[in-house]
Each structure stands twice: as structure tokens, then as C-alpha cells.
Amino acid sequence: MALNLFIRAQKHINYHEDKVPQFELPDPLVMQDGTPVSSMEQWTRHRRGEIIDLFEEHVYGARPGEIALSSYQVMEEDQKALGGKALRKQIKLVFKKGDHYLEALVLMYLPHQVDHAPLFLGLNFFGNHTVIDDPQVMLTSSWMRNNFNMGIKEHKATDDSRGQLSHRWAIDRIIDSGFGVVTMYCGDIDPDRDDFNDGIHPFLYREGQTHPQPNEWGTLAAWSWGLSRALDYLKEDPHTSDSKVIAMGHSRLGKSALWAGAQDTRFHGVISNDSGCGGAALSKRKFGENAKAINANFPHWFCDNFKNYNGKEEELPLDQHMLMALIAPRPLYIASAEKDIWADPKGEFLSGVHATVVYKFFGMEGLSGSELPPVDQPIHHRVGYHIRSGKHEVTDYDWEQYILWAQKVLDLE
Ligand code: GTR
């Protein structure tokens, strides 16, 4: 069934630059009533809020209330991790409301050579134990999609997937460069399936409600919320309370990192790795994955209102450059991969270009140009960008750029 939908949706995919329609992008620096934004204060106090409302109403859905972290418990700590160069710490975050109970495991590695090291915080796809081959990393008990190659059976994590996605995390490089890395399984917050009775959503249902309203949060927004709750914990932990935290995510988790950073200004910056449709890529280009395809394949990711734009992206009262603009003036890095045309690399780049008006407004350097920069020639401005050779992935090359860029834009002593 899911496969059929996917194949059907593929028929409506455009991969030809000459078939990209003419489109107009709303100016992030013009208020909804048509008046130009004339001061930084107006941007911060009024225009940002308007843009957030638009994304809540039409794309990701609004959170229908607040839920805070109920408690946390440090489960494990080892000063001699990674051959002695890092502290490993594992923390259980607990959320409770009425009969509802949810726990999420946070894994962190912090370098010994730096106090309050800057951190990359990102969700992972298949559990903390997949990001590194470290037998001490705890297995999540949350639901996950079965995956033969990853050794996931009966929807549960197993030891067979230890370290299977370690190529995506460059942990040694991160630690050696004086950064820390923090991760959490996205499915601990909300399992990646079209079911709204699991994960965090039911905590905020009204009496009798079983599904979010058309403008209420989908799974991507729940994951973004989870990133902010992990950040709440980091602010409490004496090792990380003063750390600068960059939200980082790949693909669907890149979409979530962007939405988290857009809303929660405590994030010092955001890295979007191949986030594509509903992430960094401009929707109105209708190139590669589009609203119709993404809503068919992943009906639970966005709010139901986003489905109104299936095949009608031109009617969206916003585009993804405005999501990038919400990160301003904080550092933002957008990364694409040459073979990842499904994610529309050019649309990802142009989003950064069209968000640059806001960075300029703050006196910061963003991106310019109407064509993609050459492959493997990174730009490390306040808005950073690269298109890497190769496919949809997170590679050592990507991390090398993120680290160099972060060292520059975070003003590290
Ligand atoms: C794809 C999806 C993309 C991207 C990707 C991923 O199937 O169409 O939007 O999110 O999954 O998360 O790996």
C-alpha cells in the first residue's frame, strides 16, 4: 500500500529546471498588512511572530498547549569514554500528564579539553545506540520501523544495530575539534508512523480528541518540540548549561531542526543537512519532492492544512526562505548533495539566498546568486552553504564543514 502510493506520487515529480514555474516569494521584511519592517525590534517583536503563525497554520501545525519536562534522571556517566578523551552521559527525560507517560533517552559525549564546549544537538533515526558502536549506550524501548539491514525486528531496537549509522555522526572528529555531541531518538518523542495516539500528541488532546485539528502539530513539529526539551535539560546540566547549542538534523530530522531553531531562539544556530521539501527547499519551485508526494508518503509529518497545497504550492502564503529567515541573525548552514535531486539542491540554496535580506538587515553576510555554487566549494558565511558530491547522506565531509563554519561563526575563543 505505502509503496503504491509512493510510486503514484513519483509521477508528478518535476526534475527539469525549464519546467520550474514562474513564482513570487513573499518578502520576509514586509508585514502581513503590507508595511515594510523598519527596525530590528519590529522584526523581532512583530514580524517573526507573524511568520511563525503562518508556518503553524499552513505547514507544521501549532502546538495546542504546553507540556514541560516533568523530571529527568542521569542513568549513566563515564569520564573515560572514547578512549578517555570524552565524558559520556545518558539521561532519561520523563514527561507525564494524567495517565500519559513518555520517556526519552539523551546521549551526550563532551570533550574533556573544553569547558562548556559548544554542542551539536540532533535527533537520530534509529536509536542512540546506532550513532556509535559503544556497548554502554542504552537501547530505547520505543517503537521503531522494522528494518532487516539494521537488525530491527518486531519494532524494537536490538544490539544488532549498534553503530550502524556511526558514519553519519563523526563523533571522534567532533570531540577532537572541541565540540560536544548530543542526540536523542526521534521515535522516543513520536514514532514515525501515521498514528496520533502514540508519542507526545495525546498529552495535549482535549476531551475525546484522537487526532490533531487541521492546524495542529504533526510529527515534524513534535520532533522539533523534543529538541527544545532536550535543550531544556542541557540548560540544567552543569556541564552544558553555558554551552552554545546548534540544532542539527539530516533529512526529515533536518526539517525538524529548522522548525525548532526557527521557534526557539535559545538555539545558537541551525544546520540543515539535505532537508529538502518542507525543510530548506523552496516549495513554489515544484522541483523534486513536492507537497502532494510528501503528504501522500508521510501523511503524519505536517498539519492537515498543508495538504490543501498539494499541487497548489503557488497558493502558499509563505515559502521556506521565511523559515530560514526566522533563524536570523543566528548562524544557519544549509547543505545539499549533488545526487539528492529529490531534495532540490537549487531550491535549498535559493532559500538561503532569499532569507539573506533579513541577515543583511542585521548587518550579517548571507548568500547571493541565482545559480548553485560549484560542487564541494563550501561557503562559510553567517548563512553557510555547500553542495557536496554524492548522495543523500551525512558524511565526514559535511561534518568537516560544519565544524570549520561553527568555529568561525560562533566566535569561539
Ligand atoms: C524521504 C522523504 C524526504 C526526506 C527523507 C528522509 O523519503 O521523501 O522528505 O525526509 O525521506 O528523511 O530520509
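The rules we used
Residues numbered from 1 in each chain as written. Predicted model: local features only at pLDDT ≥ 70, side-chain atom pairs only at ≥ 80, totals over all residues. Heavy atoms only, no water. Pairing = 2+ DSSP bridges. Helix = DSSP H or I, 4+ residues; strand = E, 2+ residues; numbered from the N terminus. Contact = heavy atoms within 4.5 Å. Axes fitted to C-alpha atoms, helices over the stretch in contact; angles between N-to-C directions. Core = buried A, V, L, I, M, F, W, Y, C linked by side-chain atoms within 4.5 Å. Buried < 20%, exposed > 50% of the residue type's maximum accessible area, 1.4 Å probe, protein only. Salt bridge = Lys/Arg side-chain N within 4 Å of Asp/Glu carboxyl O. Right-handed = clockwise from strand over helix to strand, strands pointing away. Polar contact = N/O pair within 3.5 Å; in protein donor to acceptor, adjacent residues only side chain to side chain.

Draft legend 1. Spotlight on the sheet that holds strand S2 (residues 86–97). Read across the sheet, 10 strands follow the order S1-S2-S3-S5-S4-S6-S7-S8-S10-S9 without closing on themselves; strand pairing throughout is mixed. The open sheet terminates on both sides in strands that have one partner only, identified here as strand S1 (71–81) and strand S9 (379–380). Packing of helix H5 (residues 219–236) onto the sheet brings it into contact with S1, S2, strand S3 (100–111), strand S4 (119–124), strand S5 (180–185) and strand S6 (245–250), and relative to S4 it is tilted by some 140 degrees. Its contacts with the sheet place helix H6 (residues 252–263) against S4, S6, strand S7 (269–273) and strand S8 (332–337), and it is angled at close to 150 degrees to S6.

Draft legend 2. Fine view of the nonpolar core. The biggest cluster of nonpolar side chains holds 93 residues, and the ones touching the most others in it are Phe55, Tyr60, Leu93, Ile200, Leu234, Leu323 and Leu332. Counting residues per element, this core draws most heavily on H5, at 10 residues. Membership of the second largest hydrophobic core comes to 28 residues, among which are Tyr109, Trp169, Ile174 and Leu410.

Draft legend 3. The pairing of S8, seen in detail. Counting buried residues along S8, 6 of its 6 residues qualify, which places the element largely inside the surrounding structure. Of the two faces of S8, the one holding Leu332, Ile334 and Ser336 and the one holding Tyr333, Ala335 and Ala337 are both buried throughout. Where S7 lies against S8, 4 bridges are found, and the strand directions are parallel. Paired with Ile271 across the two strands is Tyr333, which belongs to S8. With 6 bridges joining them, S8 and strand S10 (residues 383–388) adopt parallel strand pairing. Its bridge partner lying in S10, Tyr333 is registered against Gly384.

Draft legend 4. View of the pattern of salt bridges. All chains considered together, the criterion is met by 28 salt bridges. Here Arg47 makes a salt bridge to Glu50, at a shortest N to O gap of 2.8 Å. Taken together, the residues span about one helical turn, with Arg47 and Glu50 both in helix H2 (residues 40–60) at a distance of 3 residues. Among the ionic pairs, Asp78 bridges to Arg88, the shortest N-O distance being 3.4 Å. Of this pair, Asp78 sits in strand S1 while Arg88 sits in strand S2, and the two are 10 residues apart along the sequence. Note on Asp78: relative accessible area 24%, which makes it partly exposed.

Draft legend 5. Expanded view of the environment of Trp342. Looking at where Trp342 falls in the secondary structure, it is placed in the loop between S8 and helix H9 (345–361). With 184 residues separating them along the chain, Trp342 and Thr158 place their C-alpha atoms 31 Å apart.

Draft legend 6. Structural view of the pairing of S6. Of all 6 residues in S6, 6 are buried, a share of seventy percent or more. One ladder, built from 3 bridges, connects S4 with S6; its direction is parallel. Bridge pairing in S6 links Leu119 to Val245. Both S6 and S7 contribute to a ladder of 5 bridges, which runs parallel. Residue pairing in the sheet places Gly249 in a bridge with Ser272 of S7. For the segment spanning S6, H6 and S7, crossover handedness is right-handed.

Draft legend 7. Fine view of the side chain of Asn290. Inspection of the secondary structure assignment puts Asn290 in the loop between S7 and helix H7 (291–297). Looking at Asn290, its side chain comes within polar contact range of the main-chain nitrogen of Lys292, at 3.3 Å. Apart from residues no more than four positions distant in its own chain, Asn290 is found in contact with His12, Ile13, Cys277 and Glu313.

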